[in-house]
Amino acid sequence: MKISAKTARKKIKSGNAWIEGKMSSGYRYPEGEEYWIITDTAEMATHHVLVSDAPRLDKTTATA
């Protein structure tokens, strides 16, 4: 499921989600648009965020 960068940051900061890596929408990596792959344990779902919308999303950490 595609989500916004803002929503992804909130999920990561809450500690319920983390970034697994990147993928692309093309036939072969890195063709097409790049997406962050985010695992969300609260919803038991995998989300995708465009890298171009949040290029430094991987620097986001959970806050205690």
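Novice: How would you sum up the pattern of salt bridges? Please name residues and give values.
Specialist: Taken as a whole and assessed by the stated rule, the structure comprises 3 salt bridges. In this structure, the salt-bridge partner of Lys 11 is Asp 40, at a minimum N-O distance of 2.8 Å. Highlighted residues: Lys 11 in helix H1 (residues 5-14) and Asp 40 in strand S2 (residues 34-40), separated in sequence by 29 residues. Asp 40 carries the same exposure label as Lys 11, and that label is buried. Two residues, Lys 59 and Asp 58, come together in a salt bridge whose shortest N-O distance is 4.0 Å. The class for Asp 58 is partly exposed, based on a relative accessible area of 38%.

Novice: Quick rundown of the sheet that holds strand S3 (residues 45-50)? Include the residues and the values.
Specialist: Read from one edge to the other, the open sheet built from 3 strands follows the order S1-S2-S3, with strand pairing classed as antiparallel. Each end of this open sheet is capped by a strand with a single partner; those strands are strand S1 (17-24) and S3. Geometrically, the sheet is characterised by an average inter-axis angle of 30 degrees between neighbouring strands, direction not taken into account. Where S2 lies against S3, 6 bridges are found, and the strand directions are antiparallel. Paired with Trp 36 across the two strands is Val 49, which belongs to S3.

What counts, and at which threshold
Residues numbered from 1 in each chain as written. Predicted model: local features only at pLDDT ≥ 70, side-chain atom pairs only at ≥ 80, totals over all residues. Heavy atoms only, no water. Salt bridge = Lys/Arg side-chain N within 4 Å of Asp/Glu carboxyl O. Helix = DSSP H or I, 4+ residues; strand = E, 2+ residues; numbered from the N terminus. Buried < 20%, exposed > 50% of the residue type's maximum accessible area, 1.4 Å probe, protein only. Pairing = 2+ DSSP bridges. Axes fitted to C-alpha atoms, helices over the stretch in contact; angles between N-to-C directions.

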